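Results of the structural survey
One letter stands for each residue in the lines below.
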Amino acid sequence: MADKEDTEKKVDDSKKPEEKAETKVDSSKESPKETVDPKDAALKDLKAKNSELEDKFLRSQAEIQNMNNRHKKEVAGILKYDGQKLATEILPVIDNLERALTVEVDDDAGKQLKKGIEMVQQHMVKALKDNKVTVIEGVGDKFDPTDSQAVQTVPADDDHPKDTIVQVLQKGYKLEDRVLRPAMVIVAL
């Protein structure tokens, strides 16, 4: 009987390595199922990189479009208000020419000089109008602080209702919709 038991143990011992081998084979069969195919992983990485690059490309395109739009606006503004500095510097010259025209002259030489000053003044006013510089109208109009500066007030009466311009002390000018110089006015309150 001892021989039988020894034989069974030997058979059991001989089975154990096979079971162990089968177990190892089974575990080796499971590991390929858990691993991802390297081609699939590479494809997934490439798709992610492609998506990221496409996003960057679209953002860059949008930024370029925004820069072009800003540039167009800036150029339009520059063209619209082109000559603003020159017009602003010419305004005092026109004021002086208009003051010179208010002087009364009696002799022929004075009249000739006054006629020449008048012609220069008219040409300068025409040049300003041709370049979209306009005079801010005033007397009798409602006072607007965006284009006029009240330097004095007088009481309102029948001829001059409240908040209207009574007198213009210095003309104001606009270039398009931008005030170059506000008019200095007296306002009825």
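Remember, predicted model here, so these are calculated numbers, not experimental data. Every residue gets a number counted from 1 within its own chain, in the order that chain's sequence is written. pLDDT decides what is reported in this predicted model: residues at 70 or higher carry local features, side-chain atom pairs at 80 or more are listed and counted, and totals for whole chains, interfaces and linings draw on all residues regardless. Derived side-chain values reflect all non-hydrogen atoms in the structure, with water molecules and hydrogen atoms excluded from consideration.

Here we look at the sheet that holds strand β2 (residues 148–154)
The strands making up a sheet associate through hydrogen bonds between their backbones, and the pairing can be parallel or antiparallel. The three strands lie next to each other as β2-β6-β3, forming an open sheet whose pairing is mixed. In the strand order of this sheet, the two ends are held by β2 and β3 (165–170), each with one partner. Strand-to-strand twist across the sheet, computed as the mean angle between neighbouring axes with direction ignored, equals 30°. Where β2 and strand β6 (residues 183–188) come together, six bridges link them in parallel fashion. Paired with Ala 150 across the two strands is Val 185, which belongs to β6. Should DSSP find at least two bridges between two strands, the strands are regarded as paired. Runs of H or I in DSSP of at least four residues are treated as helices and runs of E of at least two as strands, each being numbered from the N terminus. Only the contacting stretch of a helix is used when fitting its axis, a line to C-alpha atoms as for every element, and angles between N-to-C directions run 0 to 180 degrees.

Some thoughts on the confidence of the model for the protein
Predicted coordinates in regions of low pLDDT should not be interpreted in detail. Confidence of the prediction at every residue is given by pLDDT, a number between 0 and 100. Averaged over the protein, the pLDDT score is 84; the fraction of residues at 70 or greater is 82%. Overall, residues 16–31 carries pLDDT values under 50, and its contacts beyond four positions in sequence, including any with other chains, amount to zero contacts. Contacts are assigned to residue pairs with any non-hydrogen atoms lying within 4.5 Å of each other.

Section: helix α3 (residues 84–101)
The terminal C-alpha atoms of α3, which comprises 18 residues, lie 26 Å apart, in line with the 26 Å expected from a rise of 1.5 Å per residue. Where α3 bends most, the angle comes to about 25°, and this point is Ile 90, followed within four residues by the proline Pro 92. Throughout this description, buried means an accessible area under 20% of the type-specific maximum (1.4 Å probe, protein chains only), exposed means over 50%, and partly exposed covers the range between. Considered for burial, the residues of α3 that qualify are Ala 87, Leu 91, Ile 94, Asp 95, Leu 97, Glu 98 and Leu 101. Its buried side turned inward, α3 meets α4 (108–130), β1 (133–136), β3, β4 (172–175) and β5 (178–181). In this analysis, the expected span of each helix is defined as 1.5 Å times one less than the number of residues it contains. We define the bend at any residue as the angle between the axes fitted to the seven residues before and including it, ending there, and the seven starting there.

Notes on the sheet that holds β4
A sheet is described by the order of its strands in space; here three strands give the open sequence β1-β4-β5, paired in antiparallel fashion. This sheet does not close on itself; its edge strands, each paired only once, are β1 and β5. The mean angle between the axes of side-by-side strands here comes to 35°, regardless of whether they run parallel or antiparallel. As paired strands, β4 and β5 are joined by three bridges and run antiparallel to one another. By the bridge assignment, Leu 175 is partnered in β5 with Arg 178. Contacts between α3 and the sheet are confined to β1, β4 and β5, with β5 contributing the most and set at about 45° to the helix.

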